Structure formats: C-alpha cells, structure tokens
Amino acid sequence: MNIKKIKTDLLLKHLFKNPATKLIEIILSKKVNWQLLQDTDLKIVKNREADLVVKLEDNTILHIEIQSTNDPSMPYRMFEYFYLISYH
C-alpha cells in the first residue's frame, strides 16, 4: 500500500476524530453531538461459503443461497456475499 496515502488517511482520520466539529457541522448543516458510537477498528475474520455461484456467458454472476427457513438477517448476508464475490 502507498505510504503517502496511509499518512494522508491517518491525518484525515485524526482531524475528523479530534473535534473538527465546526467543519463537520458546516458540511452537514447539522449540530454534532461528538460521541463515537463504536470502536472504528473494523477487523473481522470470517469464512463464508456460498451455496451456488456461477459466471454466465455475458460475464454476470448468478448467486443462489438455499434456505430451508426464513432468516431475517438474509438481506445482510446477501449483501456480504455480494461484496465478497464482487471484490474477490
């Protein structure tokens, strides 16, 4: 990864985390209640195995998941699969 990009990203993260509140309020036209909702370090390691993924003749991808019951979290899982398949 480009070291200059990393330094720039870290600088921007620092500026936004350490109250550049007025700038954010101007950009969003909203008052900021400066409180981080969660730790922003988003590391995750997870194995996902899709049921069926095939590339069609026109290079589109068909992804099918087999479910025997209704899973309320399925839209989130499908988005996760979409991301993982698209950027794999």
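Above this text is the structure in question.
Residues numbered from 1 in each chain as written. Predicted model: local features only at pLDDT ≥ 70, side-chain atom pairs only at ≥ 80, totals over all residues. Heavy atoms only, no water.

### Thoughts on the pairing of strand β2 (residues 61–64)
Both strand β1 (residues 52–55) and β2 contribute to a ladder of four bridges, which runs antiparallel. Looking at the pairing, valine 54 lines up with leucine 62 of β2. If you look at the hairpin formed by β1 and β2, you'll find five residues sitting between the two strands, and asparagine 59 has a positive phi there, around 70°. (Pairing = 2+ DSSP bridges. Helix = DSSP H or I, 4+ residues; strand = E, 2+ residues; numbered from the N terminus.)

### A few points about the pattern of salt bridges
Following the criterion strictly, the structure yields four salt bridges and no others. Between glutamate 80 and arginine 48 there is a salt bridge whose closest N-O contact spans 3.0 Å. Placement of the pair is glutamate 80 in helix α3 (residues 74–86) and arginine 48 in the loop between α2 (21–28) and β1, with a sequence separation of 32 residues. Assessed through its relative accessible area of 22%, glutamate 80 is described here as partly exposed. What emerges from the salt-bridge pattern is a single network uniting Lys46, Arg48 and Glu80. (Salt bridge = Lys/Arg side-chain N within 4 Å of Asp/Glu carboxyl O. Buried < 20%, exposed > 50% of the residue type's maximum accessible area, 1.4 Å probe, protein only.)

### Some details on unusual backbone geometry
Its identity is not glycine, yet serine 29 carries a phi of approximately 55°, on the positive side. With respect to the secondary-structure elements, serine 29 resides in the loop between α2 and β1. Overall, serine 29 belongs to the exposed group, its relative accessible area being 67%. Positioned with a positive phi, asparagine 59 is a non-glycine residue whose angle comes to about 70°. The topology assignment puts asparagine 59 in the loop between β1 and β2. On the basis of relative accessible area, asparagine 59 is assigned to the exposed category, the value being 54%.

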